[in-house]
Amino acid sequence: MDVLTNFLQSMEDAKTDVVVGKGHTIQLSRVPEETLAMGDFIGHSIGNLWGLANNDTISTVDLMLQHTHKFAVAIAMNNTLNDLFIFGITNDFILYPSYDARTDDDIEIIRESLKWYAETFIEIGLEIRDLGHLNTNNKLVGTTAIGFTDNEIPINAGLIPGQKIIATRTIGDLAPLNEYLIRNALDENVEELEHLRHKMIATMLIPNVEAARIIRDFLPDKGDPIDPKKHITATRDMSCPGMLDLEELAEDNMCDIRIDEINFHDEIIPSIEVTNVTAGTNGAILIAASEGLDREIMARLDDAGYEPWYAGTVVCRSEKPTMILDSNLKKYEFLTLGKRFFRNYKVA
């Protein structure tokens, strides 16, 4: 906390106004000397494009993989890009990697993994500008991603009663990885999880650029109004919160949302004992669309190889946004038993 306070106070000496765009924290070290706050200072100018930037820095999504591994590095890059994909940005990304390790050899492996990532997904158009490692003696990998679009962008407050909220694919990426790690550490049988673990890594390894292209095709040109009959009105990255993203959307829009189903990668996932079995990385994307348009978007996602499903329906405006759960969801004990998953919900 002291590091963040000092960081914010130091900006008081800036000779220009500073807008704080995003805060993101992870805890890797309990040693104060290895704690850091990283800030990206990004200039802007008036033009005919929207420019968006995002940073996500993690250790590794799968602790069975070294954070230097090319798969771990690729997933970290994808995780950052997902917050740009949701706005329909599809190409010509500039990446400023934020990474570190405890040996020079590991630093070099990360750099080679970054090159592999750029070459593997060359069709996206990735320019990696490596400014060097962070010199924190921590195991870190991530990036700041910058992209531009000449379309209008959907906003969090764009929900309209009657709309469907589409999830681009099945969810629950992280729970089986954690379960695999725990069973492996206890020398228990992990055979039933082996295939699922590989599926999770393969899923997170592919950038969601095809979903971004579909989102882009249902957005107006920059400066034109968003027409709910023709355009996507809201999007959200489910990566960390998972289904909790629906509740955040409901609160941002002051509306109730009905949930009739939850599509997990595997039915073993909701029974795994973790804080949030719906969480992911480089996760599914939520897309809000009006009747008729929703079916067209679902068909496009199907054709692109996704497994889309209806994560929710916008019911009505509400002074106390509530998640309305279909009674069949009571089979998922994490939703209704013990500590609340949603802050406000009812079964109907």
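The structure this text deals with has already been given above.
Residues numbered from 1 in each chain as written. Predicted model: local features only at pLDDT ≥ 70, side-chain atom pairs only at ≥ 80, totals over all residues. Heavy atoms only, no water.

> Hey, could you run me through the overall build of the protein in this one?
The helix and strand inventory of the protein stands at nine helices and 11 strands. Oriented by its inertia axes, the alpha-carbon framework of the protein measures out at about 60 × 55 × 40 Å. Across the 348 residues of the protein, 49% fall into the buried class. Long-range contacts, defined here as pairs at least 24 residues apart, represent 82% of the contacts in the protein between residues at least 6 apart. (Helix = DSSP H or I, 4+ residues; strand = E, 2+ residues; numbered from the N terminus. Buried < 20%, exposed > 50% of the residue type's maximum accessible area, 1.4 Å probe, protein only. Contact = heavy atoms within 4.5 Å.)

> It is not clear to me how the sheet that holds strand β6 (residues 234-237) should be interpreted in this structure. Could you clarify?
In a beta sheet, neighbouring strands are held together by backbone hydrogen bonds and run either parallel or antiparallel to one another. Ordered by their spatial adjacency, seven strands build an open sheet running β6-β8-β5-β9-β7-β10-β11, and the pairing between neighbours is mixed. Sheet topology places β6 and β11 (345-347) at the edges, where each strand pairs with a single neighbour. Between one strand axis and the next, the sheet turns through 25° on average, direction left out of account. In the sheet, strand β5 (residues 164-167) pairs with strand β8 (residues 285-289) via four bridges, with the strands oriented antiparallel. The partner of A167 across the bridge, within β8, is L286. (Pairing = 2+ DSSP bridges. Axes fitted to C-alpha atoms, helices over the stretch in contact; angles between N-to-C directions.)

> Please explain the side chain of T313 as it appears in this structure.
Turning to its location among the elements, T313 is positioned in strand β9 (residues 309-317). Excluding residues that lie within four positions of it along the chain, T313 makes contacts with Q163, K164, D256, I257 and R258.

> I'm lost on the nonpolar core in this one. Help?
Soluble, globular proteins show a tendency: their nonpolar side chains are buried together. One finds M243, I262 and I297 to be the most contacted residues of the largest nonpolar core, which totals 88 residues. With eight residues, the single largest contributor to this core is helix α2 (residues 70-85). Leave out the neighbours within four places in its chain, and I262 touches I171, M243, W309, L329, Y332, F334 and L335. (Core = buried A, V, L, I, M, F, W, Y, C linked by side-chain atoms within 4.5 Å.)

> Sorry, what's going on with the sheet that holds strand β2 (residues 93-100) here?
Taken together, four strands build an open sheet; the order of strands is β1-β4-β2-β3 and the sheet is mixed. Strands with a single pairing partner mark the edges of an open sheet, and in this sheet they are β1 (50-58) and β3 (126-128). If you compare each strand with its neighbour and ignore which way they point, the axes differ by 20° on average. One ladder, built from nine bridges, connects β1 with strand β4 (residues 140-149); its direction is antiparallel. Across the sheet, residue N54 finds its bridge partner in β4, namely A145. Contacts between helix α3 (residues 104-120) and the sheet are confined to β2, β3 and β4, with β2 contributing the most and set at about 160° to the helix.

> Looking at this structure, how should I read the pattern of salt bridges?
Should the charged atoms of two oppositely charged side chains come close, the side chains can pair. Throughout the structure, instances matching the rule amount to 19 salt bridges. For the salt bridge of R213 with E210, the shortest nitrogen-to-oxygen distance reads 2.5 Å. Taken together, the residues R213 and E210, both in helix α6 (residues 209-217) and three residues apart, mark about one turn of the helix. (Salt bridge = Lys/Arg side-chain N within 4 Å of Asp/Glu carboxyl O.)

> Sorry, what's going on with the environment of K331 here?
You can see K331 is positioned in the loop between β10 (323-325) and α9 (333-336). Exposure remark for K331: the relative accessible area of 56% places this residue in the exposed category. Considered as a pair, K331 and P270 are 61 residues apart in the sequence and their alpha carbons are 9.5 Å apart.

> What am I meant to see in the pairing of β6 here?
Within a regular beta strand, the side chains point alternately toward one face of the sheet and then the other, so they alternate between its two faces. Where burial is concerned, the two faces of β6 agree: the one with A234 and R236 and the one with T235 and D237 are both buried. When β6 meets β8, the two strands line up antiparallel, connected through four bridges. Bridge pairing in β8 links D237 to I285.

> Would you take a moment to explain the packing of α2 against helix α5 (residues 191-205) for this structure?
For any two helices packed against each other, the geometry comes down to the angle between their axes and how far apart the axes lie. Look at α2 against α5: their axes get within 8 Å of each other, and the N-to-C directions meet at 50°. Classified by the angle between their axes, α2 and α5 sit oblique to one another. In this structure, α2 contributes F71, A74, I75 and N78 to the contact, and α5 contributes I201, M204 and L205. The residue inventory of the contact of α2 with α5, partitioned by class, reads six nonpolar, one polar and no charged. (Parallel < 35°, antiparallel > 145°, perpendicular 65-115°, else oblique. Nonpolar A, V, L, I, M, F, W, Y, C, P; charged D, E, K, R; others polar.)

> Which parts of the structure should I look at to understand the packing of aromatic side chains?
Each aromatic ring pair is summarised here by two numbers: the centre-to-centre distance and the angle between the ring planes. The tally for this structure, following the rule as stated, stands at eight aromatic pairs. Relative to F334, the ring of F264 has its centre 6.3 Å away and its plane inclined at 75°; by these criteria the two rings are edge-to-face. On the criterion of sequence distance, the pair formed by F264 in the loop between β7 (255-259) and β8 and F334 in helix α9 is long-range, its members being 70 residues apart. Each member of the pair, F264 as well as F334, is classed as buried. Members of the aromatic cluster, joined through ring pairs, are F264, Y332, F334, F341 and F342. Its end group placed over the ring of W50, K222 keeps NZ or CZ at 4.6 Å from the ring centre. (Phe/Tyr/Trp six-rings, centres within 6.5 Å; stacked < 30°, edge-to-face > 60°. Lys NZ or Arg CZ within 6 Å of the ring centre and 35° of its normal.)

> For this particular structure, what's the right way to read the state of the cysteines?
Between two cysteines, a covalent bond joining their sulfur atoms is known as a disulfide. Counted according to the given criterion, the structure contains zero disulfides. Free cysteine C255: the closest other cysteine sulfur is in C316, separated by 8.0 Å. When its relative accessible area of 0% is taken as the criterion, C255 is described as buried. (Disulfide = S-S within 2.5 Å.)

> Which parts of the structure should I look at to understand α6?
Because an α-helix packs 3.6 residues into every turn, residues spaced three or four apart end up facing the same way. V209, A211, A212, I214 and I215 are the residues of α6 that are buried. Along its buried surface, α6 packs onto α2, β6, β8 and α8 (293-303).

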